[in-house]
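A structural walkthrough
These are the residues of each chain, in order.
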Amino acid sequence: MNSAAAALRRRLSLSRSSLHRLLSSSSADAVVVSVPSSVPHPTKTAVAAKETTIKPRIPPKLLFRHLMGLSPDGKVTDVFYYYIREGYSFTDADLNGCFRGLRKFRRYQHCYEILQWMDKRRYNFSARDHALRLDIVFKLKGVAEAEKYFDSLSPSFKNRFTYGVLLYCYCKSLMSDKAAALFKKMDELNLVSPLALNNLMTMSLNLGRPEKLPSLMQEMKDRNFPISDFSRALLMQACSMVNDIEGVERVFEETNKEKCDWSIYSNLASAYFKVGLFEKADSVLRQLEEILRKEKHVRSAYLFLITFHASAGNSDGVFRVWDSLKSHYPGCHNLSYLCLLSALSRLDDIEALTKYFGEWNTSCQAYDPRLAIVVLRAYLSNDMIDEAKLFFTIAGHKGGALCFKAHELFIDYYLEKGDIESGLGHVEAAVSQVKKDLKWRPAQEVVDSFFKYLEREKDVDGAERLCKLLRQVKCLDSKTFLSLLRIYVAAGKLDLEMRKRMKNAGIDISSEHKDLLDKVCRK
């Protein structure tokens, strides 16, 4: 077994015996797995020997969990070949389920790899499958590649599903001319759907053309399409953009108040709030709260209310909706707590922020560094530097993205305070944690701020220290040397080796560099 496969096996933490125990309940559901000869893999020979063997099926939930556990650079095929080597199988239906689950979590690269695997096994894609694949190609590679994929489809697969996704690609990319031309062709082919018109409406809003939505809504009615709450919500947003409150209210009155989506209420409240009708906005929010209190709704409705109340400075409303949310969703959900902590940070309620972070931290099933970052940012914005340091000491052992983002927050804090020494200390700490599979580099505006301060202080040693750190993360470029040269000139110091240093770093010397080098390298 090669090193990559061995690493995967350790990550999965499943021995052959434990796999047999875990999967024994599924052994009756046996299928034949055939691995295509065209798929290159270091264990190809070993796999081929098992191709025609009847194998127990891996539980789909277990397969999906391991795919979800892959890092962004991880390979789907590593998981598939691992199970095949262990003597287990999975069906096309299992792969479809994993694909849809990964797509829900925006794991588009891994979705694409599943499609490639299925393609090489000569899976018979339906028009719907091609539409999903077209969507993934667009999200990963852009409009041009999506167009190529659509053009490669046989005529039988160019139907309302694939045409509809291509139209979505144009609308999402705000390509109004191409969207209009494609919509016209879809109309000629009798492929227009309510979704197509919704995409055009969304594009018009994003382009700042709210005046186009009433005519698109009328077209939907003329075609006898059912008017969804989503369409009404778009029209309400268009009216709100031009401060047409009567228009917003008119659309609201057309809806079925007992069955309409919560977004109808949220758009009405947002429209009132925008024009300063705060009492009306609060009345609508309380109506929505009452609806949510009586029956369980989607989590996003509660999160909207929490965010809205926080924006309005209404802490009572935040806690009231939180209690309602917890009564319907009692578990420890990361996204819910992230929304609450963000709201409390906006309200500057540090005591409650600390309390609810502790509540989440002791009961969460999967650690999400974003929540810790919300707390750390709140401490720093309130100049609670001692609390921030202590918090980072406790939470920082989680490592990874949390450490890098935390260091960035400290760097920004110390730059604002003019404490360059402490700021450079956090740059050094971040650089020391960079690994092959864990990359980081400071933002350009942060680097510029450091150099600006160092030039003002004529601090050549500090500038060289920063350059050494930038070299370690491979971002020592032409602009960096330009800043370094300016600091040397400001300090009146020389470095006769500077030209050689720039040449060794592969830096092209511009006229601006040359003028400064003449001053820094003069004998």
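Look above for the structure.
Residues numbered from 1 in each chain as written. Predicted model: local features only at pLDDT ≥ 70, side-chain atom pairs only at ≥ 80, totals over all residues. Heavy atoms only, no water.

**Regarding the overall build of the protein**
Helix and strand content of the protein: 30 helices and 2 strands. As presented, the protein carries roughly 27300 Å² of accessible surface, and 51% of it is formed by carbon and sulfur atoms. (Helix = DSSP H or I, 4+ residues; strand = E, 2+ residues; numbered from the N terminus. Areas by Shrake-Rupley, 256 points an atom, 1.4 Å probe, with all protein chains shown as cover.)

**Focus: the nonpolar core**
Residues L167 and L200 are the most contacted members of the largest nonpolar core, which totals 104 residues. Of the residues forming this core, the biggest block, 9 residues, is contributed by helix α22 (residues 369-381). Residues F404, A463, V473 and C475 belong to the second largest nonpolar core, which totals 36 residues. (Core = buried A, V, L, I, M, F, W, Y, C linked by side-chain atoms within 4.5 Å. Buried < 20%, exposed > 50% of the residue type's maximum accessible area, 1.4 Å probe, protein only.)

**Observations regarding the pattern of salt bridges**
Taken as a whole and judged by the stated rule, the model has 24 salt bridges. In this structure, K280 and E249 form a salt bridge, with 3.6 Å as the shortest nitrogen-oxygen distance. Of the two residues, K280 sits in helix α17 (residues 278-294) while E249 sits in helix α15 (residues 245-253), which places them 31 residues apart along the sequence. Its relative accessible area of 42% is what places K280 among the partly exposed residues. Here E249 falls in the partly exposed class, since its relative accessible area comes to 24%. Ionic pairing is found between D368 and R370, a salt bridge with its closest N-O pair at 2.7 Å. The class of D368 is buried, set by a relative accessible area of 10%. (Salt bridge = Lys/Arg side-chain N within 4 Å of Asp/Glu carboxyl O.)

**Description of the packing of aromatic side chains**
Taken as a whole and assessed by the stated rule, the structure comprises 24 aromatic pairs. For the pair F80 and F90, a centre-to-centre distance of 4.9 Å together with 35 degrees between the ring planes defines the contact as tilted. Of the two residues, F80 is situated in helix α5 (residues 76-85) and F90 in the loop between α5 and α6 (92-104); the sequence distance between them amounts to 10 residues. Assessed through its relative accessible area of 0%, F80 is described here as buried. A relative accessible area of 1% means that F90 is categorised as buried. Their ring planes at 50 degrees and their centres at 5.5 Å tell us that F357 and W360 sit as a pair that is tilted. (Phe/Tyr/Trp six-rings, centres within 6.5 Å; stacked < 30°, edge-to-face > 60°.)

**Considering helix α28 (residues 478-491)**
Side chains that are three or four residues apart share a direction in an α-helix, a result of its 3.6 residues per turn. Between its first and last C-alpha atoms α28 spans 20 Å; for 14 residues at 1.5 Å apiece the expected length is 20 Å, and the two agree. Those residues of α28 that are buried lie in contact with α26 (444-456), α27 (460-472), α29 (498-504) and α30 (511-520). Near the N-terminus of α28, the side chain that reaches the backbone nitrogen of K479, with its oxygen 3.3 Å away, is that of D477. (Expected span 1.5 Å × (residues − 1). Contact = heavy atoms within 4.5 Å. Polar contact = N/O pair within 3.5 Å; in protein donor to acceptor, adjacent residues only side chain to side chain.)

**Here's the deal with the environment of L344**
Checked against the element boundaries, L344 lands in helix α20 (residues 334-346). Residue class for L344 comes out buried when judged on its relative accessible area of 0%. Separated by 31 residues in sequence, L344 and G313 have C-alpha atoms that sit 9.8 Å apart. Once residues lying within four places of it in the same chain are set aside, the contact partners of L344 are F319, D349, A352, L353 and Y356.

**Observations regarding the packing of helix α16 (residues 262-274) against α17**
For the pair α16 and α17, the least separation of the axes is 7 Å and the interaxial angle reads 165 degrees. Comparing the axis directions of α16 and α17 gives the class roughly antiparallel. The element α16 and its partner α17 pack so that their crossing is left-handed. Mapping the contact onto sequence places W262, Y265, L268, A269, Y272 and F273 in α16 and F278, K280, A281, V284, L285, Q287, L288 and I291 in α17. (Axes fitted to C-alpha atoms, helices over the stretch in contact; angles between N-to-C directions. Parallel < 35°, antiparallel > 145°, perpendicular 65-115°, else oblique. Left-handed = near helix turned anticlockwise from the far one by under 90°.)

**Structural notes on the packing of helix α8 (residues 127-141) against helix α10 (residues 160-172)**
Geometrically, a packed helix pair is captured by the angle between its two axes and the distance between the axes. Their axes nearest at 8 Å, the elements α8 and α10 cross at an angle of 15 degrees. Comparing the axis directions of α8 and α10 gives the class roughly parallel. Crossing hand, α8 versus α10: right-handed. Residues A127, R128, H130, A131, L134, D135, F138 and K139 of α8 pack against F161, T162, V165, L166, Y168, C169 and K172 of α10. Taken together, the residues that form the contact of α8 with α10 break down as 9 nonpolar, 2 polar and 4 charged. (Nonpolar A, V, L, I, M, F, W, Y, C, P; charged D, E, K, R; others polar.)

**What about unusual backbone geometry?**
The backbone of L174 shows a phi angle near 60 degrees, a positive value even though the residue is not glycine. Relative to the helices and strands, L174 resides in the loop between α10 and α11 (176-188). Judged by its relative accessible area of 35%, L174 is partly exposed. One non-glycine residue, D348, lies in the positive phi region at around 65 degrees. Structurally, D348 can be placed in the loop between α20 and α21 (350-361).

**Description of the environment of Y302**
Assignment of secondary structure puts Y302 in helix α18 (residues 299-311). Note on Y302: relative accessible area 0%, which makes it buried. Note: C-alpha distance between Y302 and K326 (24 residues apart in sequence) is 9.8 Å.

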